Each structure stands twice: as C-alpha cells, then as structure tokens.
Protein chains: 2
Amino acid sequence: MTGSPLLNELIEALRCLPGVGSKSAQRMAFHLLERDRERGLRLAGALEEALRRVGHCTRCRNFSETPVCALCASTSRDRHVLCVVESAADLTAIEQATGYRGQYFVLLGRLSPLDGLGPQELGLSLLAERLAEGEIEEMIIATNPTVEGEATAHYLAELARAGGVRPTRLAHGVPLGGELEYVDRGTLAHAFGSRQLLG
Amino acid sequence: MTGSPLLNELIEALRCLPGVGSKSAQRMAFHLLERDRERGLRLAGALEEALRRVGHCTRCRNFSETPVCALCASTSRDRHVLCVVESAADLTAIEQATGYRGQYFVLLGRLSPLDGLGPQELGLSLLAERLAEGEIEEMIIATNPTVEGEATAHYLAELARAGGVRPTRLAHGVPLGGELEYVDRGTLAHAFGSRQLLG
C-alpha cells in the first residue's frame with residue numbers, strides 16, 4: 001500500500017496498540033520515519049526490554065522486573081495500610097491522585113466465575129498470607145464500583161475481618177465538578193442517602 | 001510512578017508517537033503487558049527493522065528499503081503519467097482513494113525558502129532528469145492547496161512545460177457530502193467560478 005513492505009508491516013504492527021486504527025497507525029509510521037527515527041528506535045528497545053523482563057512482584061502482584069517491586073521494597077511507606085486494587089492502572093491512578101503512602105495489592109482482575117476468575121486467580125491466598133503477617137491494620141478496598149467489583153469487595157471484606165483487619169471502601173457520591181442533572185440515578189440516590197452533616 | 005522503572009521507560013518512550021499523551025501511553029503499556037506481549041514484541045521488531053532499513057527510492061523518493069521502490073519497479077503501471085505529491089502520506093491517500101495506476105514523485109516537502117526548502121531539497125533536478133527521459137506525457141501536480149503548495153505547483157508546472165510535459169492540477173471545489181453553508185468562502189467562490197455544464 002505504500003510501496004515499502006517493511007513500512008506496511010510497521011503500520012500493521014502499530015495496530016496492536018489500543019485505540020490505534022489504520023489511519024493513526026499510518027500517521028505514526030510516517031511521523032517516526034520522517035522526523036523521529038532515533039526516538040522510534042528507543043521505543044523499539046523499551047518495548048523489547050519491558051515486554052521481555054517485566055513480570056509481577058511476588059508480594060503485591062504489581063508489575064515489576066525485580067522479585068519485589070519498588071513500592072513493596074520502599075522503607076518509607078506505611079506498612080499498616082494495604083490498598084487492594086483490580087489493576088496496575090488503578091494503582092497508578094491512586095498514586096497520582098492521592099497522597100496515599102501505604103502498601104498495595106493488585107488482584108489483576110475481579111471475581112468473575114464466568115470468565116474463570118476465582119479467588120485462586122486473584123492471588124487471594126497470597127493476600128491472606130500477607131494479612132496473617134499481622135502488620136496490616138486497615139485494608140482499603142479500591143475495586144471498581146461495578147457489579148463484579150462490588151462482589152469482589154464483599155469477598156475481600158470477609159477476608160479482612162477473618163484476618164482481624166479493618167476493611168474500608170472508597171466513598172461513593174457525586175464526582176467533583178459534575179452536574180447533578182447529568183449524574184446517573186444510582187449514584188445520585190447513593191449520594192443522597194449518604195449525605196453528610198456539615199461543619 | 002508505577003513501581004517498575006522499565007515500565008516507566010516504556011510509557012515515556014511511547015510518547016514519541018504523535019497524538020499520544022501520558023494517559024494514552026500508560027494505557028498502551030498496560031494493555032501490551034497484560035494482554036498482548038507477543039504482538040508488542042512483534043511491534044518492537046517491526047519498528048527496529050523499518051527505522052533502520054527503510055530509506056528513499058532513488059527514482060521517486062518514496063519510502064523504500066530497496067534502491068528502487070515497488071511502485072517504480074512495477075511493470076503494470078502506466079509510464080506516461082507522473083503524479084507529484086508532497087509526502088508519502090499523500091501518495092498513500094491517492095493510492096487508496098483513486099484508481100490511479102501511473103508513476104509518482106515525492107517531494108518530501110514543499111517550496112518554503114524560510115524553512116530552507118528550495119528546489120534542491122525537493123529533488124527537482126532528479127525530477128527534471130526524469131522528465132528528460134521522454135517517457136512522461138502528463139504531470140499531475142497534487143501538492144496541497146495551501147499557499148506554499150500552490151507556489152510549488154506553479155514552479156512544477158513551469159518545469160513540466162520546459163520539459164515538454166503537460167501539467168495538470170487536481171480540481172478544487174466543494175467536497176462531496178459537504179454542505180454549502182459550511183464550505184469556506186474561497187472554496188465556494190472557486191467552485192462557483194469553475195462551475196461545469198451538466199450532461
């Protein structure tokens with residue numbers, strides 16, 4: 001399609017990126033070839049390195065190229081609070097938005113028996129061992145507020161209580177900057193019911 | 001930011017792609033790591049290969065990993081028509097949209113003295129040699145309808161006439177499916193002036 005088989009292959013390969021269709025892939029390939037070969041080659045190297053070497057932390061299941069990730073190994077983080085998230089992306093969102101300085105545990109999914117995701121797949125025995133160490137006092141359950149995420153949260157709360165740990169859940173309500181008119185009914189009803197006393 | 005330095009590097013490296021900010025880069029990296037390591041590695045290989053090996057065709061200046069590109073080498077394409085475009089992306093657009101089966105010449109830019117782009121940089125001596133071969137009868141000038149593209153078209157038309165070749169230019173007018181109300185004034189005036197007799 002471009003007269004260069006290697007270029008055609010590159011355009012096709014770029015489509016493995018989420019949100020990249022044939023038009024964007026073409027634009028990316030031309031951009032790199034015309035203007036940015038050096039950074040493109042650096043990207044090739046970074047892809048190769050990360051995809052071959054990044055595995056999961058044996059302690060929190062977050063992405064890591066070392067057996068224990070930097071967050072788990074850090075001595076400056078609070079060892080008494082553990083935040084449980086569904087994915088590494090959720091972990092990153094919390095790290096970037098909040099001032100949280102505790103530990104994490106990444107489920108790499110949510111309970112979903114139909115997809116074959118049970119307690120085993122989510123590493124819950126590893127989580128139970130972690131609780132059994134006795135250091136953790138609070139488990140912040142930050143699974144998504146979806147049906148499956150809520151079911152997972154319920155299960156995790158039981159696990160925490162069984163281990164003598166206080167389970168907490170992120171607050172639900174109207175998003176900051178949102179307009180009541182456009183907030184979905186479920187959220188609005190929840191926010192209304194959980195209204196808080198001012199001052 | 002993610003607890004894995006290699007992953008952070010990958011996210012940073014992905015930002016060399018046009019239109020990819022930090023949020024998309026993060027999404028792409030997580031997607032590849034979680035779901036598509038194999039295709040990601042294939043992308044790394046394709047990037048490396050294309051960026052190291054793809055150069056320019058010595059005949060038409062299109063991207064090519066061989067001295068003469070597949071389009072120039074093809075025996076099934078009309079050797080009497082030459083379409084001159086600014087970029088490889090324009091060439092691809094014409095290949096995909098039209099039934100054109102002639103030859104191409106890629107300027108890799110447009111006349112722009114302020115940016116240091118003169119006849120030399122656009123390979124116009126190579127183009128003149130090509131015309132001097134005597135095979136080409138029509139030169140379709142498909143530079144962009146911008147000020148610089150028009151100036152380039154004017155220059156190219158002179159070159160064609162000097163070489164005894166008929167210069168033609170893509171038609172301007174109202175885009176198909178466009179609404180007159182929203183077409184810019186210049187285009188509308190041009191389309192009005194160039195109105196065609198029906199049937």
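Residue indices begin from 1 for each chain and proceed along its sequence in written order. The order in which chains are written sets their letters, starting at A; the order in which ligands are written sets their numbers, starting at 1. Two thresholds apply to this predicted model, a pLDDT of at least 70 for residue-level local features and 80 or more for giving and counting side-chain atom pairs, whereas whole-chain, interface and lining totals are computed over all residues. The basis for every side-chain value is the complete set of non-hydrogen atoms in the structure, without hydrogens or water.

Naming follows an unreviewed UniProt entry, where chain A appears as Recombination protein RecR of Aerosticca soli. Here is the UniProt Function (unreviewed entry) comment for chain A, exactly as written: "May play a role in DNA repair. It seems to be involved in an RecBC-independent recombinational process of DNA repair. It may act with RecF and RecO." UniProt positions are given in the numbering used here, feature names are shortened, and annotations may be inferred rather than shown by experiment. Here chain A is described in UniProt, under the heading Sequence similarities (unreviewed entry), as follows: "Belongs to the RecR family."

Q: I'd like a rundown of the layout of surface pockets, residues and numbers included.
A: Residue and element names in this part refer to chain B. For cavity detection a 1 Å grid was placed over the protein atoms alone, and a set of points counts as a cavity when a 1.4 Å probe fits there but cannot get out; an open set counts as a pocket when protein lies on both sides within 12 Å along at least five of seven lines, with lining residues being those that have an atom within 4 Å of a point. Grid points are joined across faces, edges and corners, and a volume is the space filled by probe spheres set on the points. Put simply, the largest pocket is a space of about 420 Å³. Along its surface, the largest pocket is lined by 20 residues, and Ile94, Ala142, Thr143, Leu170 and Ala171 are the ones closest to its centre. Helix and strand definitions here come from DSSP, where helices need a minimum of 4 consecutive H or I residues and strands a minimum of 2 consecutive E residues; each element is numbered from the N-terminal end. Counting residues per element, the ones that place at least two in the lining of the largest pocket are helix 5 (88–97) and helix 8 (185–193). Ranked by the residues each element gives to the lining of the largest pocket, the list is headed by helix 5, at 4 residues.

Q: Now, about the side chain of asparagine 62 of chain A: what can you tell me, with residues and values included?
A: Relative to the assigned elements, asparagine 62 of chain A resides in the loop between strand 1 (55–56) and strand 2 (63–64). The contact criterion used throughout is that any non-hydrogen atoms of two residues lie within 4.5 Å. Those residues in contact with asparagine 62 of chain A that sit more than four places away from it in its chain are Gly55, His56, Cys57, Cys69, Leu71, Ala88, Leu91 and Val106 of chain A together with Thr2 of chain B.

Q: Account for the confidence of the model for chain A, with residues named and values stated.
A: Residue-level confidence of the predictor is what pLDDT reports, using numbers from 0 through 100. Counting all residues, the mean pLDDT for chain A is 92, and 99% of those residues have values of 70 or more. Mean pLDDT values over the elements of chain A span from 86, in helix 8 (residues 185–193) of chain A, up to 96, in strand 4 (residues 103–106) of chain A.

Q: Outline the pattern of salt bridges, supporting the account with residue identities and numerical values.
A: Residue and element names in this part refer to chain A. When a carboxyl oxygen of Asp or Glu is within 4 Å of a side-chain nitrogen of Lys or Arg, the pair counts as a salt bridge. In this structure the tally under the stated criterion is 20 salt bridges over all chains. One salt bridge connects glutamate 133 with arginine 59, and the closest N-O pair in it is separated by 3.3 Å. Of this pair, glutamate 133 sits in the loop between helix 6 (124–132) and strand 5 (138–141) while arginine 59 sits in the loop between strand 1 and strand 2; the two residues are 74 residues apart in sequence, bridging distant segments of the chain. Of the residues examined, glutamate 133 reaches a relative accessible area of 47% and is grouped as partly exposed. Buried, partly exposed and exposed residues are distinguished by accessible area as a fraction of the type maximum, computed with a 1.4 Å probe on protein chains only: under 20%, between the cut-offs, and over 50%, respectively.

Q: Can you break down the interface of chain B and chain A residue by residue, with the values?
A: Counting residues at the interface gives 53 residues for chain B, matched by 54 residues for chain A. Here chain B and chain A share 0 salt bridges between them. Broken down by element, the residue count for the side of chain B that touches chain A peaks at 14 residues, all from helix 3 (residues 37–53) of chain B. By residue class, the composition of the side of chain B that touches chain A is 29 nonpolar, 11 polar and 13 charged. Polar here means any residue other than Ala, Val, Leu, Ile, Met, Phe, Trp, Tyr, Cys and Pro, which are nonpolar, and Asp, Glu, Lys and Arg, which are charged; Gly is therefore polar.

Q: Lay out the UniProt feature "domain: Toprim" (unreviewed entry) in chain A with the relevant residues and their values.
A: In this structure's numbering, the residues bearing the UniProt feature "domain: Toprim" (unreviewed entry) are residues 80–175 of chain A. End-to-end, the C-alpha atoms of residues 80–175 of chain A are 29 Å apart, and along that stretch the chain is 36% helix and 18% strand.

Q: Break down the packing of helix 2 (residues 22–35) of chain A against helix 5 of chain B for me, citing the residues and quoting the values.
A: Direction vectors running N to C along helix 2 of chain A and helix 5 of chain B enclose 150°, while the axes themselves pass 10 Å from each other. In terms of their interaxial angle, helix 2 of chain A and helix 5 of chain B are classed as roughly antiparallel. Handedness of the crossing formed by helix 2 of chain A with helix 5 of chain B: right-handed. Contacts between helix 2 of chain A and helix 5 of chain B involve Gln26, Phe30 and Glu34 of chain A from the former and Ala88, Ala89, Thr92 and Gln96 of chain B from the latter. Here the residues of the contact of helix 2 of chain A with helix 5 of chain B sort into 3 nonpolar, 3 polar and 1 charged. Angles run from 0 to 180 degrees between N-to-C directions of axes, and those axes are lines fitted to C-alpha atoms, restricted for helices to the stretch in contact. Note on angle classes: values under 35 degrees are labelled roughly parallel, values over 145 roughly antiparallel, values of 65 to 115 roughly perpendicular, and the remainder oblique. In a left-handed crossing the near helix is turned counterclockwise from the far helix by less than a right angle, and in a right-handed crossing that turn is clockwise.

Q: Explain the side chain of arginine 130 of chain A to me, and be specific about the residues and the numbers.
A: Residues and elements named next belong to chain A. Within the element layout of this structure, arginine 130 appears in helix 6. Think of it this way: Lys and Arg go in the positive column, Asp and Glu in the negative one, and His and the chain ends go nowhere. Although arginine 130 is buried, it forms no salt bridge, and the closest oppositely charged side chain is glutamate 133 at an N-O distance of 4.5 Å. Residues within four places of arginine 130 in sequence aside, it is in contact with Arg59, Cys60, Leu82, Gln103, Tyr104, Phe105 and Ile136.

Q: Quick rundown of helix 1 (residues 5–14) of chain A? Include the residues and the values.
A: Those residues of helix 1 of chain A not exposed but buried are Leu6, Leu7, Leu10, Ile11, Ala13 and Leu14 of chain A. Summarising the axial view, the buried residues of helix 1 of chain A lie within an arc of 165°, below the 170-degree limit, and thus occupy one face. Along its buried surface, helix 1 of chain A packs onto helix 2 of chain A together with helix 3 and strand 2 (63–64) of chain B. Think of it as the arc spanned by the lines of direction from the helix axis to the C-beta atoms.

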